[in-house]
Amino acid sequence: MVDFVADYHRDIESFPVRSQVKPGYLRPLLPDSAPAEPETVEDVFADLWSKILPGITHWQSPKFFGYYPCNVSTAGMLGEMLCGGLNVNGFSWITSPAATELETIVLDWLGKLLHLPEEFLSTFGKGGGVIQGTASEAVLVVMLAARKRALKQVSSAAQGMSEAEALSKLVVYSSDQTHSCVIKACQVASIATENFRPLPTDASTNFALSPPVVRKAIATDVEAGLIPFFLCGTLGTTSSAAVDPLEELGDIAKEYGMWYHIDAAYAGNACICPEFRHYLNGVEKADSYNMNPHKWLLTNFDCSTLWMKDSEFLLAALSNKPVFLRNEATDNNLVVDYKDWQIPLGRRFRALKLWMVMRLYGTSGLQSFIRSHVSSAKHFESLVQADSRFEVMAPVTFSLVCFRLRTLPGSQDNSNSLNSKLVDALNRKGNIFVTHTELSGIYTVRFAVGATHTELQHVQAAWEVIQAEASHLLNGKQ
Ligand SMILES: *Cc1c(COP(=O)(O)O)cnc(C)c1O
């Protein structure tokens, strides 16, 4: 299997980046039911090559520029192997003390690399970090903590309001660029979807939240008897990598006693470099902060790191003590049991891969990884700017370039459909893979540099592929 993976990575550029199969391709290729008798691993390998690989989109290809990256590294894979090999289920300290303690330590390491305020470190007070599977889970658990805190505040204010009534009044604020995981968290946490405020942004603020818009929305809701309780700022939005004004949002959250969360799933990773750390200013005003090393810090999926200043309400929301899990260390409050910091009970020993990555790269290796992608993206931006048929649609702050073919004489629809044809053609041919978004209703191509093996030469080659396809499309039109 190690050889298979090594060969796969060696040959990865020979595959079309996006899988070219049609929906339902696999069923006719496999038997209707599981084999009655054991098969050999050779049989399985044969199917892997012939039946599974064609249905793979090659996220690890250096020509993958879609979504945001999903990094891999030898260090990360070694950590995954170790995790699978030991295969402990570290839900409480007693089930494998090293699993809990290593996680606490590597989250302190990473927190220090980011220069998080010390309240976010385990060594300070009731705060600390935890590894979640995804940013979506991170946002959900902090929203549950925030809900607990808000409901307690309402009941202690003795307004004679039932918990159900108070729950129906809780309001969540973020921008219309915020990731869909925030509305998903509302769905799970029983926050009425009509009480979710995706506040408008536009090109005038580079698609970042505007504090007066936030204040106005909150004031209107308070006037109407609603209860603002959760504000989510984003560092590096999914569409265009916009950065919300994190400090001002922190002040607003404080003024209204709201929980303030910062979601930095992708761009937060860049903040391990001193020259990017200022984007995180304002984190000292946040209750919680998350980012995904599995996106852009060389750590194999899944690894989303979450820190909070005070775990009291998280534990109040998620902790319980069934008799079959009781033990002396837990009963005497000597340890952290991470089962109380997440939705499921069971948990993998994910800290191993983050530990491997941080040790085998060192801070300098991690920083140069980020910097090489940022400079490749900057180069790509200059290539786009040099071709008058194209325009850049948002500032290139990290390693995402949003661009499109300019509007032709004619309607905007025309330009939207032209750019959508461009993306379809590129992905159908499979030489590169890109995705798209809409910015103020304008179809925009997203070019995210960040796959582990992507170098400047791949970015340059990708631009040539895009230019050729654009010429083909435009000439076809004439
Ligand atoms: C990718 C992304 C997410 C979702 O990440 P998951 O780990 O897949 O849940 C959330 N927020 C932002 C800003 C993202 O870019």
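See the structure above.
Residues numbered from 1 in each chain as written. Predicted model: local features only at pLDDT ≥ 70, side-chain atom pairs only at ≥ 80, totals over all residues. Heavy atoms only, no water.

Q: Now, about the overall build of the protein chain: what can you tell me, with residues and values included?
A: Across its full length, the protein chain holds 15 helices and 11 strands. Whereas a compact globule of 478 residues would reach a radius of gyration of roughly 23 Å, the protein chain reaches 24 Å, a difference of no more than 12%. In the protein chain, buried positions account for 53% of the 478 residues. Carbon and sulfur atoms make up 55% of the accessible area of the protein chain, which totals about 21000 Å². (Helix = DSSP H or I, 4+ residues; strand = E, 2+ residues; numbered from the N terminus. Rg over C-alpha atoms; globule rule 2.2 N^0.38 Å. Buried < 20%, exposed > 50% of the residue type's maximum accessible area, 1.4 Å probe, protein only. Areas by Shrake-Rupley, 256 points an atom, 1.4 Å probe, with all protein chains shown as cover.)

Q: With reference to specific residues and values, describe the nonpolar core.
A: With 69 residues, the main nonpolar core has Leu 110, Leu 114, Leu 235, Ile 272, Tyr 289, Trp 307 and Phe 398 as its most contacted residues. With 10 residues, helix H13 (residues 351-385) is the single largest residue contributor to this core. Leave out the neighbours within four places in its chain, and Phe 398 touches Leu 235, Ala 241, Val 243, Tyr 266, Ala 267, Ala 270, Phe 276, Tyr 279, Trp 296, Val 374 and Ala 377. Counting 36 residues, the second-largest nonpolar core is a separate cluster that includes Val 130, Met 143, Leu 151 and Phe 313. (Core = buried A, V, L, I, M, F, W, Y, C linked by side-chain atoms within 4.5 Å. Contact = heavy atoms within 4.5 Å.)

Q: Tell me about the sheet that holds strand E7 (residues 304-308), residues and numbers included.
A: What the 7 strands build is an open sheet, ordered E1-E7-E6-E5-E4-E2-E3; its pairing is mixed. Edge positions in the sheet fall to strand E1 (128-132) and strand E3 (196-199), since each of these pairs with one other strand and no more. The sheet shows a mean angle of 20 degrees between the axes of neighbouring strands, taken without regard to direction. Here 3 bridges tie strand E5 (residues 259-263) to strand E6 (residues 288-291), and the two strands are oriented parallel to one another. Paired with His 261 across the two strands is Ser 288, which belongs to E6. This element, helix H5 (residues 135-156), spans E1, strand E2 (170-175), strand E4 (227-234), E5, E6 and E7 of the sheet and lies at about 155 degrees to E4. (Pairing = 2+ DSSP bridges. Axes fitted to C-alpha atoms, helices over the stretch in contact; angles between N-to-C directions.)

Q: Give me the packing of H5 against helix H7 (residues 181-188): which residues, what numbers.
A: Two numbers describe how H5 lies on H7: the axes approach to 9 Å, and their chain directions differ by 45 degrees. Classified by the angle between their axes, H5 and H7 sit oblique to one another. Crossing of H5 over H7 shows right-handed handedness. The segment H5 lies against H7, with Ser 136, Val 139, Leu 140 and Met 143 engaging Cys 181, Val 182, Ala 185, Cys 186 and Val 188. Taken together, the residues that form the contact of H5 with H7 break down as 8 nonpolar, 1 polar and no charged. (Parallel < 35°, antiparallel > 145°, perpendicular 65-115°, else oblique. Left-handed = near helix turned anticlockwise from the far one by under 90°. Nonpolar A, V, L, I, M, F, W, Y, C, P; charged D, E, K, R; others polar.)

Q: Go over the pairing of E7, please, and point to the residues and values.
A: Residues in a regular strand project their side chains so that they alternate between the two faces of the sheet. With 5 of its 5 residues buried, E7 lies for the most part within the structure. Residues Ser 304, Leu 306 and Met 308 point to one face of E7 and Thr 305 and Trp 307 to the other, with burial holding for every one of them. Taken together, the 5 bridges between E1 and E7 define a ladder with antiparallel strand orientation. In the strand pairing of E7, Gly 128 is matched with Met 308.

Q: Quick one: what's the story with a nonpolar patch on the surface, residue by residue and with numbers?
A: Among the surface-exposed residues, Val 2, Leu 78, Met 81 and Leu 360 lie close enough to one another that they form a single nonpolar patch of about 400 Å² accessible area. Classification of Leu 78 by relative accessible area gives partly exposed; the value is 38%. (Patch = residues over 30% accessible without salt bridge, like charges linked within 9 Å, V, L, I, M, F, W, Y side chains within 5 Å. Salt bridge = Lys/Arg side-chain N within 4 Å of Asp/Glu carboxyl O.)

Q: Run through the packing of aromatic side chains, naming residues and quoting values.
A: Per the stated rule, a full pass over the model turns up 23 aromatic pairs. Plain terms: the ring middles of Phe 380 and Trp 463 are 5.4 Å apart, the flat faces sit at 85 degrees to each other, and that makes the pair edge-to-face. Here Phe 380, found in helix H13, pairs with Trp 463, found in helix H15 (residues 456-477); they are 83 residues apart in sequence, far enough to count as distant. Like Trp 463, Phe 380 is buried. Members of the aromatic cluster, connected to one another through ring pairs, are Phe 65, Phe 380, Phe 390, Phe 403, Phe 447 and Trp 463. Here the basic side chain of Arg 446 rests over the ring of Tyr 68, its NZ or CZ set 4.8 Å away from the ring centre. (Phe/Tyr/Trp six-rings, centres within 6.5 Å; stacked < 30°, edge-to-face > 60°. Lys NZ or Arg CZ within 6 Å of the ring centre and 35° of its normal.)

Q: Just give me the short version of the pattern of salt bridges, but keep the residues and values in it.
A: Under the defined criterion, the tally for this structure stands at 22 salt bridges. Counted as one network, the salt bridges with shared partners bring together Glu 80, Asp 302, Arg 348, Arg 350 and Lys 353.

Q: Tell me about helix H4 (residues 97-113), and please be specific about residues and values.
A: Look at H4: 24 Å from first C-alpha to last across 17 residues, which is about the 24 Å you get at 1.5 Å a residue. Along H4, the positions that sit buried rather than exposed are Ala 99, Thr 100, Leu 102, Glu 103, Thr 104, Val 106, Leu 107, Asp 108, Leu 110, Gly 111 and Leu 113. Among the structural elements, E1, E6, helix H10 (293-296), E7 and H13 are those in contact with the buried residues of H4. Looking one or two places after H4, you find His 115, whose phi comes out positive at around 55 degrees. (Expected span 1.5 Å × (residues − 1).)

From the geometry alone we can't say anything about function, so treat these as descriptive.
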